[in-house]
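Analysis of the macromolecular model
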Amino acid sequence: MITCSAPGKVYLFGEHAVVYGESAICCAIELRTKVSVEKSDEIIIESVLGRTGLDHDNHPYVSYVIEKMRQFTDIQGVHIVIESQLPVGSGLGSSAAVTVASIQALNHLYECELSLEDIAKTGHEIERMVQGNASPTDTYVSTMGGVVMIPQRKKLDLINCPIVVGNTHKFSSTKELVGNVAKLRSDFPSVVEPILSNIGQMSILAERLVAEGDYETIGKLMNINQGLLDAIGVGSAELSSLVYAARGSGAISAKITGAGGGGCMVALARENNAQDIAKAIEDTGGEAIITKNTAEGVRLE
Ligand code: MEV
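Residues numbered from 1 in each chain as written. Predicted model: local features only at pLDDT ≥ 70, side-chain atom pairs only at ≥ 80, totals over all residues. Heavy atoms only, no water.

**Examining the overall build of the protein chain**
Looking only at helices and strands, one finds 9 helices and 12 strands in the protein chain. In summary, the protein chain has a C-alpha radius of gyration of 19 Å against a globular reference of 19 Å for 301 residues, a match within 12%. In terms of its C-alpha atoms, the protein chain occupies a principal-axis envelope of roughly 55 × 45 × 35 Å. Scored against the burial criterion, the 301 residues of the protein chain give a buried share of 58%. (Helix = DSSP H or I, 4+ residues; strand = E, 2+ residues; numbered from the N terminus. Rg over C-alpha atoms; globule rule 2.2 N^0.38 Å. Buried < 20%, exposed > 50% of the residue type's maximum accessible area, 1.4 Å probe, protein only.)

In structure tokens:
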């Protein structure tokens, strides 16, 4: 039996804009998805979603991983068990983490010798199969860990302040939200394209700020990014409530992370106030998770 795990992520900047080639900065977090694999007589995929065979409705990512890995090796039967600390469809990169951890686990089990770059690339192909227009961000940061700038694939310094995630527990479909933004962009190109480009500019400015550890200025830009995400229609009342609760309790910054619509928001905290921010999020009806940036991407457990 081989077990691999891969981290989830939060976006400091750039969700949605990155789909159009703008820069984004993403940060791997300590919440992970674990995938265990062993050879078997048949294909079995087990998770909180149930026990299935190859099943593109219930286990789309892992089913496509098995099919894709058949390009590199002869997979007949395999038993795959998924355990995740990442809520599904919440903007924390649960689909990328399960995809990347599954590829790496099968890579080890069948000795395919895929490199980390191969894993990130294959993971991105699978996200595109399931989601349509997916950017390489989630799969890249889940594979490599740390803080990465996309599309440059550049590793930045680690973020050293506490990170508080607030989950609205409202499911959102990345595919649908990406489609809504595409429609808005095609209806109003002269309005929406500059917004996406301004979001990209924040990542460019923030690269130096990350190196300097200037979280106060990063936070000001993250708050502007939040306003622009609202402008392109990916906010929600629940997300805004959590964002304002976090800011009101002393967060450096608070914004949506991921596709929006529901899912999660992320706040940067000061050393002494992560608990206060978490409490404010919980008092406003969200579920708070205090976490931090991790340098470790996909790993063998
Ligand atoms: C989803 O986590 C982030 C989006 O930018 C989509 C993508 O990058 O594939 C909304």
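**Looking at the nonpolar core**
With 87 residues, the main nonpolar core has Phe13, Ile66, Val78, Leu106, Val164 and Met265 as its most contacted residues. When residues of this core are assigned to domains, at least three fall in each of domain 1 (2-156) and domain 2 (163-291). Residue contacts for valine 78: discarding those within four places in its chain leaves Val37, Glu38, Lys39, Ser40, Glu42, Ile43, Ile44, Ile66, Leu106, Leu109 and Tyr110. Among the nonpolar cores identified, the runner-up in size contains 11 residues, and Ala120, Tyr140, Val148 and Ile150 belong to it. (Core = buried A, V, L, I, M, F, W, Y, C linked by side-chain atoms within 4.5 Å. Domains from an automatic or database assignment. Contact = heavy atoms within 4.5 Å.)

**Observations regarding the packing of aromatic side chains**
Tallying each qualifying case throughout the model produces 0 aromatic pairs. Over the ring of tyrosine 244 we find arginine 247; its NZ or CZ atom is 5.4 Å from the centre of that ring. (Phe/Tyr/Trp six-rings, centres within 6.5 Å; stacked < 30°, edge-to-face > 60°. Lys NZ or Arg CZ within 6 Å of the ring centre and 35° of its normal.)

**Things to note about the domain arrangement of the protein chain**
The domains assigned to the protein chain are domain 1 (2-156) and domain 2 (163-291). Placing the centre of domain 1 and that of domain 2 at their C-alpha centroids yields a distance of 23 Å. Facing 32 residues of domain 1, the contacting portion of domain 2 comprises 40 residues. Summing both sides of the interface, domain 1 and domain 2 together bury roughly 2,800 Å²; the carbon and sulfur share of this comes to 68%. When residues of domain 1 are sorted by the area they lose upon contact with domain 2, Phe13, His16 and Tyr20 head the list and together hold 27% of the total. Summed over the shared surface of domain 1 and domain 2, the result is 2 salt bridges. Here lysine 255 and glutamate 15 are joined by a salt bridge, their closest N and O atoms 2.9 Å apart. Counting across the domain 1 and domain 2 interface gives 10 residue pairs in polar contact (both at pLDDT 80 or more). Of the residues that constitute the side of domain 1 that touches domain 2, the class distribution is 18 nonpolar, 9 polar and 5 charged. (Buried area = accessible area lost by both parts, 1.4 Å probe. Salt bridge = Lys/Arg side-chain N within 4 Å of Asp/Glu carboxyl O. Polar contact = N/O pair within 3.5 Å; in protein donor to acceptor, adjacent residues only side chain to side chain. Nonpolar A, V, L, I, M, F, W, Y, C, P; charged D, E, K, R; others polar.)

**Let's talk about the site of the ligand**
In the vicinity of the ligand lie 13 residues, with Tyr11, His16, Ala134, Ser135 and Asp138 positioned nearest. Here an oxygen atom of the ligand sits 2.5 Å away from a polar atom, N or O, in the side chain of serine 135. Within the side chain of aspartate 138, an N or O atom sits 3.1 Å from an oxygen atom of the ligand. When the free accessible area of the ligand is taken as 300 Å², the share hidden by the protein chains comes to 97%. Listed by contribution, the elements that provide at least two residues to the shell around the ligand are β1 (2-13) and α5 (174-187). Grouping the amino acids of the shell around the ligand by side-chain chemistry returns 6 nonpolar, 4 polar and 3 charged. In this structure, the shell around the ligand is formed jointly by two domains, domain 1 (2-156) and domain 2 (163-291), each of which donates at least three residues. (Near = heavy atom within 4 Å. Areas by Shrake-Rupley, 256 points an atom, 1.4 Å probe, with all protein chains shown as cover.)

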